[in-house]
Amino acid sequence: MNGSITAALRGTGCSVPDRVVPNDWFTSHVETSDEWIRTRTGICERRFVGPNETAGTLAVTASRNALAAAGLTADDLDMIVCATVTPDHMCPSTACVVQAALGCRTIPAMHLSVACTGFLYALSVADQFIRTRSVRHVLVIGADVLSRTIDLTDRNSCILFGDGAGAVVLSATDARGHGIRSVKLFADGSAGSIGADKLIHLPAKVTLQQPPPERQRNHIWLNGREVFKFAVRRMIELTQDAIDECQRLGVEIKLLIPHQVNQRIIDAALEQTGFPADRVMVNLANYGNTSGASVPIALDEAIRGGRAKVGDTILLVAFGGGLTWGSVILTL
Ligand SMILES: CC(C)(COP(=O)(O)OP(=O)(O)OC[C@H]1O[C@@H](n2cnc3c(N)ncnc32)[C@H](O)[C@@H]1OP(=O)(O)O)[C@@H](O)C(=O)NCCC(=O)NCCS
């Protein structure tokens, strides 16, 4: 490989827990209804982990599925990057948990904490290592178990989340017009709060000496209304920017895979950008918001379901806590 190198998608996999939690389940905890949740979010059910499952166990299964799809073994991997905000431990990282379970060589392994944009950041890290020819095959994972953080007395947030993991293998290629074509990543910590109130907040168990009294439990908290506005704005910007970028590249976006949060966020962005709804992958009804796992699970389902084929250019868009947001354009 003497010419320029890009990172191509070689295989995908995912894993979700067996336990299905329908909307009605929440009516025994908070004042809500299946009808409200369906119409205001598009979510019908989600999966919750059992007592012996973690982001790590889901990540291991998703990774095995991705390796099988790629036709590679754990021994072929040169690096593992895992996006999660619900790691099994602060240390060892969830990437090291996966590395040990798969029986990899002593390859570098790290996890990144970027909330719902995490998988795109992880793809970008892998892409950079591949482009500089430091590595050939990288396992990139998004895995989260937000059910472990929900406050079952807060109807504004508890109904939104589900658990899961998605993984891909990225491999170096010199085939022109394939692989990751463009990556745009953003973060704005100052926009993540109104006054002292974070728009999306998951407390640190270990490091924060004095959490605010109302947040002393380990629950996720969010300002849904403000996050909704932020998400629509960023999804419009990212999609419009990618449409322009693809025009410059001379390719057409065959499939848009957005972070799965709320059908109304997706609809609002499509209305503004004019992007056709039949070219958008949405599986939110079945899984809710699985944070870092949402984009790679949807990507895996799109490929296995035949909605994205070799040669297609796809756009991944995500936004979330931090605040963070970003996009990746990828030709399969
Ligand atoms: C959370 C979200 C679904 C709320 O939908 P919304 O249409 O914005 O609803 P609002 O916050 O304006 O609340 C409308 C009413 O519904 C109520 N409500 C909120 N959750 C409810 C629930 N689960 N069931 C029934 N009623 C509910 C509110 O209390 C409010 O009642 P009020 O008018 O009497 O005060 C929506 O804002 C959202 O999806 N936000 C982004 C989610 C997010 O932050 N994800 C994580 C990061 S990507």
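Caption draft 1: Spotlight on the environment of Pro-258. For Pro-258, the position within the fold is in strand E13 (residues 253-258). Using a relative accessible area of 0% as the deciding quantity, one classes Pro-258 as buried. Spatially, the C-alpha atoms of Pro-258 and Val-280 are 7.7 Å apart, while their sequence positions differ by 22 residues.

Caption draft 2: Representation of the pairing of strand E1 (residues 6-15). Among the ten residues that make up E1, nine are buried, leaving the element largely enclosed by the rest of the structure. Note: E1 against strand E7 (residues 163-173), nine bridges, orientation antiparallel. When the bridges of E7 are listed, Leu-9 appears paired with Leu-170.

Caption draft 3: Inspection of the pattern of salt bridges at higher detail. Scanning all chains against the criterion turns up eleven salt bridges. A salt bridge links Lys-184 to Glu-245; the shortest N-O distance between them is 3.5 Å. You can see Lys-184 sitting in strand E8 (residues 179-187) and its partner Glu-245 sitting in helix H6 (residues 224-249), a full 61 residues away along the chain. Lys-184 sits in the partly exposed class, given a relative accessible area of 23%. The partner of Arg-234 in a salt bridge is Glu-237, with the nearest N and O atoms 2.8 Å apart. Here the residue Arg-234 and the residue Glu-237 both occupy positions in helix H6, the gap between them amounting to three residues, near one helical turn.

Caption draft 4: Geometry of the sheet that holds strand E5 (residues 109-112). Pairing in this open sheet of five strands is mixed, and the strands run E1-E7-E6-E4-E5 from one edge to the other. Every other strand in the sheet has two partners, leaving E1 and E5 as the edge strands with one partner each. Geometrically, the sheet is characterised by an average inter-axis angle of 20° between neighbouring strands, direction not taken into account. Taken together, the five bridges between strand E4 (residues 79-83) and strand E6 (residues 137-145) define a ladder with parallel strand orientation. In the strand pairing of E6, Cys-82 is matched with Ile-141.

Caption draft 5: Highlighting the packing of H6 against helix H7 (residues 263-273). The interhelical angle for the contact between H6 and H7, taken along N-to-C directions, is 40°, at an axis separation of 9 Å. It follows from the interaxial angle that H6 and H7 lie oblique. Considering only the axes of H6 and H7, their crossing is right-handed. Residues Phe-228, Ala-231, Val-232, Met-235, Ile-236, Thr-239 and Gln-240 of H6 touch H7, and the partners they reach there are Arg-264, Ile-265, Ile-266, Ala-268, Ala-269, Gln-272 and Thr-273.

Caption draft 6: Here's a closer look at the packing of aromatic side chains. For the coordinates displayed, the defined rule picks out five aromatic pairs. Consider the rings of Phe-186 and Trp-325, whose centres lie 5.6 Å apart with planes at 15°: the pair is stacked. Placement of Phe-186 in strand E8 and of Trp-325 in strand E15 (residues 324-331) is noted, with a sequence separation of 139 residues between them. By relative accessible area, which is 7% here, Trp-325 ends up buried. Taken together, a centroid distance of 5.8 Å and an interplanar angle of 80° make the contact between Phe-230 and Trp-325 edge-to-face. Of this pair, Phe-230 sits in helix H6 while Trp-325 is found in strand E15, placing the two residues 95 residues apart along the sequence. Summarising the burial analysis for this pair, Phe-230 and Trp-325 share the class buried. Here the aromatic residues Trp-25, Phe-26 and Phe-48 are joined through ring pairs into a cluster of three or more.

Analysis parameters
For every chain, the first residue of the written sequence is number 1, and numbering continues from 1 onward in sequence order. Since the coordinates come from a predicted model, pLDDT governs what is reported: local features require at least 70, and pairs of side-chain atoms require 80 or more to be given and counted, while whole-chain, interface and lining totals use all residues. The side-chain quantities take in all heavy atoms of the structure and omit both hydrogens and water. A run of H or I in DSSP becomes a helix once it reaches four residues, and a run of E becomes a strand once it reaches two; helices and strands are each numbered from the N terminus. A 1.4 Å probe rolled over the protein chains alone gives each residue an accessible area, and that area as a share of the maximum for its type sets the label: buried under 20%, exposed over 50%, partly exposed in between. Each pair of strands is called paired provided DSSP finds at least two bridges between the two strands. A side-chain nitrogen of Lys or Arg and a carboxyl oxygen of Asp or Glu constitute a salt bridge if their distance falls within 4 Å. Each axis is a line fitted through C-alpha atoms, taken for helices only over the stretch in contact, and angles between the N-to-C directions span 0 to 180 degrees. With respect to orientation, any angle under 35 degrees is reported as roughly parallel, any angle over 145 as roughly antiparallel, any angle of 65 to 115 as roughly perpendicular, and every other angle as oblique. Crossings are assigned a handedness: left-handed for a near helix turned anticlockwise from the far helix by less than a right angle, right-handed for a clockwise turn. Should any heavy atoms of two residues lie within 4.5 Å, those residues are considered in contact. Put simply, two rings from Phe, Tyr or Trp (the six-membered ring, in Trp's case) pair if the centres are within 6.5 Å, and we call them stacked under 30 degrees between planes, edge-to-face over 60, tilted for the rest.

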